[in-house]
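# Structural description and commentary
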Amino acid sequence: MKKITIAIDGFSSTGKSTLAKQLAKHLGYIYVDTGAMYRAVTYYAMQNNFINHNGFDKEALIKDLSKITLTFQFNINLGYGEMYLNGMNVENEIRTIEVSSFVSKVAEISQVRAKLVEQQQEMGKNKGIVMDGRDIGTVVFPDAELKIFMTASAQTRAERRYNEMLSKGDNVSFEEVLKNVQERDYIDTHREDSPLVMADDAIEIDNSHLSREEQFQVVLDLFNNI
Ligand code: DC
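Since this is a predicted model, take the numbers as computed values, not measurements. (Residues numbered from 1 in each chain as written. Predicted model: local features only at pLDDT ≥ 70, side-chain atom pairs only at ≥ 80, totals over all residues. Heavy atoms only, no water.)

### Topic: the overall build of the protein chain
Across its full length, the protein chain carries nine helices and ten strands. A globule of 226 residues ought to have a C-alpha radius of gyration of about 17 Å, and the protein chain, at 17 Å, matches this closely. Overall, the protein chain is about 50 × 35 × 35 Å in size when its C-alpha atoms are taken along their principal axes. Taking all 226 residues of the protein chain together, the buried fraction comes to 50%. Taking the intrachain contacts of the protein chain between residues at least 6 apart in sequence as the baseline, contacts between residues at least 24 apart amount to 73%. Carbon together with sulfur atoms contributes 48% to the accessible area of the protein chain, which is approximately 11300 Å² in total. For the protein chain, the separation between the mean place of its 25 positive charges and that of its 33 negative charges on side chains is 3 Å. (Helix = DSSP H or I, 4+ residues; strand = E, 2+ residues; numbered from the N terminus. Rg over C-alpha atoms; globule rule 2.2 N^0.38 Å. Buried < 20%, exposed > 50% of the residue type's maximum accessible area, 1.4 Å probe, protein only. Contact = heavy atoms within 4.5 Å. Areas by Shrake-Rupley, 256 points an atom, 1.4 Å probe, with all protein chains shown as cover. Lys, Arg positive; Asp, Glu negative; His and termini not counted. Charge placed at Lys NZ, Arg CZ, Asp CG, Glu CD.)

Laid out in structure tokens, this is it:
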């Protein structure tokens, strides 16, 4: 069986993780959600009151980075690894709108990025991995054999995330979700360290009008042609 590195980057809520999980399951590859790692660091910063609506003590977070241990523990029922922060399962805690509203600020910090990128490269050193994020094809695995860059309109993405949050019982408004998507797009593409850009050798997929199955088939064909 072909063992390569698959990098999936793109804007928030473009369905990167859905596609990455489908691919990993189909190919028997490891799946790594790097956004979950940035979210877990953000959750740590919130818990320790380093970040809140009044401000962000970046230095305090940087000083504490060595105290943060992130691991993925495979959940056989889900078929992928869940995010653990210092031994605690934080899968639910890291998906709230509060974490979403702070995470781009945490992801701007170079020391945070360096720590997470190093861990991501270690996880992928034996290939056979599907990793999704913002800088996988550009920074983490510039030599990945297959690079996908996913896009869709902000309206479409906000609708998807809003429906997902409603189904989980979250009490949010559509306007709040759309604003969050637009703000993160801006910060993710404008930060100094590893901004979200499409790698020169990535293949762009706009899935505004593609079903999950159609999109999966497109990428599987690309995989088979390598
Ligand atoms: O994919 P996500 O929405 O869970 O990612 C959360 C945030 O983390 C996103 O707004 C930007 C940041 N991120 C990043 O900077 N680099 C990555 N490789 C993954 C995520």
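There is more to say after this.
### Brief notes about the sheet that holds strand 6 (residues 80-85)
On the basis of which strands lie adjacent, the open sheet formed by three strands has the order 5-6-7 and antiparallel pairing. The open sheet has two edge strands, strand 5 (70-75) and strand 7 (88-89), and neither has a second partner. Where strand 5 and strand 6 come together, six bridges link them in antiparallel fashion. Bridged to T71 within strand 6 is Y84. (Pairing = 2+ DSSP bridges.)

### Let's talk about the nonpolar core
In this structure, V41, L61, I68, L70, M83 and V112 are the most contacted members of the largest nonpolar core, which totals 36 residues. Secondary-structure elements contributing two or more residues to this core are helix 2 (34-47), helix 3 (58-64), strand 6, helix 4 (97-106), helix 5 (110-123), strand 8 (129-133) and helix 6 (136-140). Take this core: its biggest share by element is eight residues, from helix 2. When neighbours within four sequence positions are excluded, I68 is seen to be in contact with V41, Y44, L61, L85, N86 and K115. Membership of the second largest hydrophobic core comes to 20 residues, among which are I4, Y31, L220 and F223. (Core = buried A, V, L, I, M, F, W, Y, C linked by side-chain atoms within 4.5 Å.)

### Thoughts on the site of the ligand
Near the ligand there are 15 residues, and of these R39, R113, D135, R184 and R191 occur at the shortest range. Side-chain polar atom of R191 to an oxygen atom of the ligand: 3.0 Å apart, as the coordinates give it. Its free accessible area being 440 Å², the ligand has 97% of it covered by the protein chains. Taken together, the elements giving at least two residues each to the shell around the ligand come down to helix 2, helix 4 and helix 8 (174-190). By residue number, the principal contributor to the shell around the ligand is helix 2, which donates four residues. (Near = heavy atom within 4 Å. Polar contact = N/O pair within 3.5 Å; in protein donor to acceptor, adjacent residues only side chain to side chain.)

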